[in-house]
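# Tertiary structure, described
The lines below spell out each chain.
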Amino acid sequence: MGLFSKIKAGLQKTKASISDGITNIINSFTKIDEDLFEELEELLVMSDIGVETSLKICEELRARVKRDGITDPSQTKGIMHDIIVEMLGCDTALKLDTKPSVILVIGVNGVGKTTTIGKMSLMLKDSGKKIVLGAADTFRAAAIDQLGVWADRAGVSMVKSVEGSDPASVVFDTIASAKSKGADVIICDTAGRLHNKKNLMDELAKIYRIIKRELPDASIETLLVLDAATGQNAVNQAREFKNVADITGIVLTKLDGTAKGGIVIAIHNELGIPVKYVGVGEGIDDLQPFDAKEFADGIFDLGE
Ligand code: GDP
Ligand code: MG
């Protein structure tokens, strides 16, 4: 399956909710009036785009309809598609311009951090980069083993310690290993204990201190992993994490199998953090760079 079709396939359920819903509404109107805007707005809210963001999209839709003198309801769908593409922008490339660069992967348990690291390792390795993983989720032994399985699958090396050891010291060891191997990218897994905010904050602060001390000029990407299937809850998690870390991008996992893909738009608009990658399955190839147009094409079937 090609890249494009994978995202499209992953967005099937979201499309069924958004695109088909919009078409049904549009077909029941013969002219554009306030009722139409209100029904569209309601549909967007119901599709996990969030109230604030849905209002913004519809406000812009009203303005464009007025500006361009549009009278045919069927044209509103294409306009909404374009508004969403513009809203999502295109700032998705990872900034990995130092040797080594660091990617710190954060997020609550079960969202797909470790899986994403496995997928990302292969992707970066295939682009010619030498990768070292750091198993800094030391909370459970199983988490360390799981990352080890992904390291083997992707064919990259991993630095680990024992369960319960200090995550920052694992990061320290990983940096040392990356330096001696001449690695290009360090990717660190972390434990996501958001319910204990103080602890998490201290842990992350300590990790950052080690990175800044050992690699003062390194590019650091802090990727927050969110599970699309959790809908608005993912937005709330992002808000919480934003308070404890300088998030540079979001990886939205499990887009496959959920109708809540609209959450991408809410996250982008409400938090101002770009969605850089999306997970569309459990396999090693199921990670895709996020592309606003591809995404909008996937959720709006414009009948092309
Ligand atoms: P972590 O606790 O954040 O490290 O999460 P894991 O990487 O262990 O993933 C939790 C579960 O989510 C696993 O069963 C993964 O296979 C699954 N998972 C991760 N990403 C995706 C995805 O993009 N799509 C689907 N369907 N499942 C995923
Ligand atoms: Mg994990």
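Below or above, wherever it landed, is the structure these notes cover. Since the model is a prediction, treat every value here as computed from it, not as a measurement.

### Examining the packing of aromatic side chains
Tallied over the full model, the rule gives one aromatic pair. The ring of Trp150 carries the charged tip of Arg153 above its face, separated from the ring centre by 4.3 Å.

### Points about unusual backbone geometry
Cis geometry marks the peptide bond from Lys99 to Pro100, where omega comes out at -5°. Note on placement: Pro100 falls in the loop between α5 (75-88) and β1 (101-106). Even without a glycine there, the phi angle at Asp48 is positive, about 65°. Tracing the sequence through the fold places Asp48 in helix α3 (residues 34-49). For Asp48, a relative accessible area of 15% gives the class buried.

### Observations concerning the site of ligand 1
Among the 17 residues in the neighbourhood of ligand 1, the closest are listed as Gly110, Lys113, Thr115, Asp256 and Glu282. Taking Val111, its main chain carries an N or O atom lying 3.3 Å from an oxygen atom of ligand 1. Within the side chain of Thr114, one N or O atom sits 2.9 Å away from an oxygen atom of ligand 1. Protein contacts shield 79% of the accessible area of ligand 1, which totals 580 Å² for the unbound molecule. For the shell around ligand 1, the element with the highest residue contribution is helix α6 (residues 113-126), accounting for four residues.

### A word on the pairing of strand β7 (residues 275-279)
Where burial is concerned, most of β7 is hidden: five out of the five residues are buried. Where strand β6 (residues 249-253) and β7 come together, three bridges link them in parallel fashion. Bridge pairing links Leu252 to Val278 in β7. As a crossover connection, the stretch from β6 through helix α11 (residues 263-271) into β7 is right-handed. Looking at chain direction, β7 and strand β8 (residues 287-289) are connected through three bridges and run antiparallel. The partner of Val278 across the bridge, within β8, is Gln288.

### Structural notes on the nonpolar core
Ranked by internal contacts, the top residues of the largest apolar core, which has 102 residues, are Ile103, Met120, Ile187, Leu252, Ile265 and Ile267. Two domains share this core, each providing at least three of its residues, namely domain 1 (3-88) and domain 2 (101-290). In this structure, Ile267 is in contact with Leu226, Val235, Ile250, Leu252, Gly272, Ile273 and Val275, ignoring residues within four places of it in sequence.

Quick notes on the rules
Residues numbered from 1 in each chain as written. Chains lettered and ligands numbered in written order. Predicted model: local features only at pLDDT ≥ 70, side-chain atom pairs only at ≥ 80, totals over all residues. Heavy atoms only, no water. Phe/Tyr/Trp six-rings, centres within 6.5 Å; stacked < 30°, edge-to-face > 60°. Lys NZ or Arg CZ within 6 Å of the ring centre and 35° of its normal. Helix = DSSP H or I, 4+ residues; strand = E, 2+ residues; numbered from the N terminus. Buried < 20%, exposed > 50% of the residue type's maximum accessible area, 1.4 Å probe, protein only. Near = heavy atom within 4 Å. Polar contact = N/O pair within 3.5 Å; in protein donor to acceptor, adjacent residues only side chain to side chain. Areas by Shrake-Rupley, 256 points an atom, 1.4 Å probe, with all protein chains shown as cover. Pairing = 2+ DSSP bridges. Right-handed = clockwise from strand over helix to strand, strands pointing away. Core = buried A, V, L, I, M, F, W, Y, C linked by side-chain atoms within 4.5 Å. Domains from an automatic or database assignment. Contact = heavy atoms within 4.5 Å.

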